[in-house]
Amino acid sequence: MKLIFERSQPGRRAGTLPTYPDLPRAEIPEELRRAAPPRLPELAEPELVRHFTELSTRNFGIDTGFYPLGSCTMKHNPRVNERLVMLPGFRDLHPHQEERDAQGALELMWRLQEILVEVSGLDACSLQPAAGSQGELTGLMLMRAYFADRGEGDVRDTIVTADTAHGTNPASVTMAGYKLQKVRTDERGNLDVAHLRELVDEHTAGLMLTNPSTLGLFDEHIEEVAAIFHDAGALLYYDGANLNAVCGISRPGDMGFDIVHINLHKTFSQPHGGGGPGGGPIVVRERLEPFLPVPAVVREGDEFRLDYDRPKSIGKVRGFTGPFGVFVRSYAYIRSYGPRLREMSEVAVLNANYLLARLKDTYDLPFDRLCMHEFVLSARSLKREHGIAALDVAKRLMDYGFHPPTVYFPLVVPEALMIEPTETEPKERLDSFVDAMLAIAAEAAEDPEVLRSAPHGRPVGRLDEVRAAKQPIVKYGFEEHPETGPVAAQDVGEPRQLEAQKGA
Ligand SMILES: Cc1ncc(COP(=O)(O)O)c(C=O)c1O
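Residues numbered from 1 in each chain as written. Predicted model: local features only at pLDDT ≥ 70, side-chain atom pairs only at ≥ 80, totals over all residues. Heavy atoms only, no water.

A.B. asks: Just to check I follow, could you spell out the nonpolar core for this structure?
C.D. replies: Inside soluble globular proteins, nonpolar side chains tend to come together where they are buried. Grouped together as the largest cluster of nonpolar side chains are 58 residues, with contacts concentrated most on L116, L196, F229 and F268. At 10 residues, the largest contribution of residues to this core is made by helix α5 (residues 103-120). Excluding residues that lie within four positions of it along the chain, L116 makes contacts with C125, L127, I262, L264, F268, P281 and V283. Core analysis: the second largest hydrophobic core is formed by 29 residues, C371, L382, A390 and V434 among them. (Core = buried A, V, L, I, M, F, W, Y, C linked by side-chain atoms within 4.5 Å. Buried < 20%, exposed > 50% of the residue type's maximum accessible area, 1.4 Å probe, protein only. Helix = DSSP H or I, 4+ residues; strand = E, 2+ residues; numbered from the N terminus. Contact = heavy atoms within 4.5 Å.)

A.B. asks: Even after reading the chapter, I still don't get the layout of surface pockets, so can you show me in this structure?
C.D. replies: Gaps left between atoms show up when a probe the size of a water molecule is rolled over them. The volume enclosed by the largest pocket comes to roughly 1,000 Å³. If you go around the largest pocket, you meet 26 residues; those closest to its centre are K395, M398, H403, P404 and E465. If you list the elements that add at least two residues to the lining of the largest pocket, you get α15 (390-399), β12 (406-407) and α18 (465-470). Among the elements that line the lining of the largest pocket, the one with the most residues is α15, at four residues. Looking at the second largest pocket, its volume works out to about 470 Å³. What lines the second largest pocket is a set of 28 residues, among which C72, N263, H265, K266 and H272 lie closest to the centre. Of all the secondary structure elements, the ones that give two or more residues to the lining of the second largest pocket are α6 (132-149) and α11 (264-267). Considering each element in turn, the lining of the second largest pocket owes the most residues, three residues, to α6. Taken together, the residues of the lining of the second largest pocket break down into eight nonpolar, 17 polar and three charged. (1 Å grid on protein atoms, 1.4 Å probe; cavity = no way out; pocket = protein on both sides within 12 Å on 5 of 7 lines; lining within 4 Å. Points joined across faces, edges and corners; volume = space filled by probe spheres on them. Nonpolar A, V, L, I, M, F, W, Y, C, P; charged D, E, K, R; others polar.)

A.B. asks: Looking at this structure, I do not really get the side chain of N81. What am I missing?
C.D. replies: Structurally, N81 can be placed in helix α3 (residues 79-85). In this structure N81 comes out as buried when scored by relative accessible area, which is 2%. Leave out the neighbours within four places in its chain, and N81 touches S269, R329, A332 and Y333.

A.B. asks: Whenever I open this one, the environment of R340 confuses me. Can you help?
C.D. replies: Its place among the elements puts R340 in the loop between α12 (324-337) and α13 (341-359). Its relative accessible area of 42% is what places R340 among the partly exposed residues. On a C-alpha basis, the gap between R340 and G248 in space is 8.2 Å, while along the polypeptide they are 92 residues apart.

A.B. asks: What am I meant to see in the site of the ligand here?
C.D. replies: S71, A131, G132, S133, E136, H166, T168, D239, A241, N263, H265 and K266 make up every residue found near the ligand. Contact distances for the ligand include 2.5 Å between an oxygen atom and a side-chain N or O atom of S71. N263 places a side-chain nitrogen or oxygen 3.1 Å from an oxygen atom of the ligand. In the complex, 88% of the free accessible area of the ligand, which totals 390 Å², lies under the protein chains. The cavity where the ligand resides is the second largest pocket. In the shell around the ligand, the residues fall into two nonpolar, seven polar and three charged. (Near = heavy atom within 4 Å. Polar contact = N/O pair within 3.5 Å; in protein donor to acceptor, adjacent residues only side chain to side chain. Areas by Shrake-Rupley, 256 points an atom, 1.4 Å probe, with all protein chains shown as cover. Sits in = over half its atoms within 2 Å of the grid points.)

A.B. asks: Looking at this structure, how should I read the pairing of strand β3 (residues 158-162)?
C.D. replies: Side chains on a regular strand alternate between the two faces of the sheet. Counting buried positions over the five residues of β3 gives five, a clear majority of the element. Side-chain alternation along β3 places T158, V160 and A162 on one buried face and I159 and T161 on a second face that is also buried. The pairing of β3 with strand β4 (residues 179-183) spans five bridges and is classified as parallel. Bridge assignment links T161 to a residue of β4, and that residue is K182. Crossover β3 to β4 through helix α7 (residues 168-175) is right-handed. (Pairing = 2+ DSSP bridges. Right-handed = clockwise from strand over helix to strand, strands pointing away.)

A.B. asks: Can you walk me through helix α16 (residues 427-446) in this structure?
C.D. replies: Residues lying three or four places apart along an α-helix face the same way, a consequence of the helix completing one turn every 3.6 residues. Across its 20 residues, α16 extends 28 Å between first and last C-alpha, which sits within 8% of the 28 Å expected from 1.5 Å per residue. Listing the buried residues of α16 in full gives L430, D431, F433, V434, A436, M437, I440, A441, E443 and A444. Looking at the buried side of α16, the elements it contacts are α13, α14 (380-386), α15, β13 (416-419) and α17 (448-452). (Expected span 1.5 Å × (residues − 1).)

A.B. asks: Explanation requested: empty space enclosed by the protein in the structure shown.
C.D. replies: Applying the stated criterion to the full structure yields three cavities of 30 Å³ or more. In this model, the largest cavity occupies a volume close to 70 Å³. If you go around the largest cavity, you meet 13 residues; those closest to its centre are T164, G189, L191, S213 and D219. Of the residues assigned to the lining of the largest cavity, the class counts are five nonpolar, seven polar and one charged. L215, L217, L356, L365, P366, F367, R369, C371, F375 and V376 together form the lining of the second largest cavity. Looking at the lining of the second largest cavity residue by residue, the classes come out as nine nonpolar, no polar and one charged.

A.B. asks: Please clarify how the pairing of strand β10 (residues 303-307) should be interpreted in this entry.
C.D. replies: Taken together, the five bridges between strand β9 (residues 296-300) and β10 define a ladder with antiparallel strand orientation. Looking across to β10, one finds that A296 is bridged to D307. Between β9 and β10, which pair antiparallel and follow one another directly, the connecting turn spans two residues, one of which, G301, has a positive phi of 65°.

A.B. asks: Help me out: how do you make sense of the packing of aromatic side chains in this one?
C.D. replies: Two aromatic rings are characterised by how far apart their centres lie and by the angle between their planes. For the coordinates displayed, the defined rule picks out 14 aromatic pairs. With 6.1 Å between their ring centres and 90° between their planes, F66 and F402 make a pair best called edge-to-face. Residue F66 is located in the loop between α2 (45-57) and α3, and its partner F402 is located in the loop between α15 and β12; the two are separated by 336 residues in the primary sequence. Ring centres of Y238 and F257 lie 4.9 Å apart, and the angle between their planes is 75°; on these two criteria the pair is classed as edge-to-face. One end of the pair, Y238, is in strand β6 (residues 235-240); the other, F257, is in the loop between α10 (252-255) and β7 (259-262), and 19 residues separate them in sequence. We note that Y238, like F257, is buried. Geometry around F478 places R39 over its ring, the cationic atom sitting 4.0 Å from the centre. (Phe/Tyr/Trp six-rings, centres within 6.5 Å; stacked < 30°, edge-to-face > 60°. Lys NZ or Arg CZ within 6 Å of the ring centre and 35° of its normal.)

A.B. asks: Honestly, the pattern of salt bridges in this entry has me stumped. Any pointers?
C.D. replies: A side chain of one charge can pair with a side chain of the opposite charge if their charged atoms are brought near each other. Inspection of the entire model under this criterion finds 42 salt bridges. Note that R50 and E47 form a salt bridge whose closest N and O atoms lie 3.0 Å from each other. Of this pair, R50 and E47 both sit in helix α2, three residues apart, roughly one helical turn. A residue is classified by how much of its surface remains accessible, and E47, at 33% relative accessible area, is partly exposed. Among the ionic pairs, K395 bridges to E465, the shortest N-O distance being 2.7 Å. (Salt bridge = Lys/Arg side-chain N within 4 Å of Asp/Glu carboxyl O.)

Written out as structure tokens, the structure is:
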């Protein structure tokens, strides 16, 4: 497929700007003017549309197929959410709108806060953080402010995370200026309580934990774990990335957690991926409320307003009040379930256990327990017996029309395949995924080369993913292609309109 710059023809345009003869030309100071026109691709509208449409067909999304990317909760995004977020009263709001003109939006945020408080089993919520990872950082900043306020700021300098933790956990701990300690996982996939007891002391500020863990397992000793930290005067932070497993069934606050972030874009639907768009509200126990970011959305009688008067607040962590479109979609998703919200989690857990039951005789299962909303298999036998790695299985799944699961995570499981089906998949889809996984395991024995060279028939084969992540080429190499790209305006003359006028 050609790059858009390679399709470019000098002078072609997809549209023309209206001319207003009465409007004076903007005076741009000489030093700010471009020496030459920008090198932008030049295409008529039909070619432009074809280019992006072709690109879109090369992508894989939840709307094109099953996307069991463990820990990421890629669930169907109901279209009604999109209709609601496009209502003019929401869509056309300006962040600087007067509070009295944005009562509906403020009420929606307030109601969402109330629901998240209820779901978490805690007391107060801030919608501000833009993602789970930012929620983590915000939560740790709250811990810092809380301990500083108690005069313990210099003493408590360490956070404990699990050795199964998502990479953002240790990263947030470091960014927040804390020392990191990792607790081991025991043979049943729980935190190793004996090891935990060795780690926790008067320097411990808190624990950061996902429950269920990234192994898809609910910690069987969570109350004992909470007591270890609370007895030492420390706090517990709940990474809510896996909340899809427990909504309406068990609550982090009841488990003993003091701060929770909720990945709205996972649990409560949201078209997401590639780093956004997301929402990572945090919910806290009463004693941490004074430190929450400002502004808080508050209700006074029938009025809603933004409250900046919070002297102990850690301040703002994001522009304005947070990612509003995400709030509307999440609120709509939650309200569509209403009091039956726990069905969402029940079906997510059921779907995961169905897949697990059908796959566990063919792939290795490191922790043989019922799972929550996701589970982790291992391809280590395939590797030992046929030289087939988890990566080969993942790449081959693409040939069968499935997005690969998360691989090589959590790090404690060699050749890990982390599978999360979510509640929005029907049984037939789950069965076809199982068929593909079983067929791949058979291929590993009969024709391993077909796996090693997969994917076949995709726009691209195996890529150097590390290089793609570390040295992304996001700019067209004009130097290498001097013949393409726009030329100076004087060489082109008037732009040519090569399509029918709009509405013709
Ligand atoms: C367990 C876990 N924690 C934290 C995060 C970070 O969340 P976000 O991607 O919203 O920053 C993720 C993301 O996948 C996760 O799976």
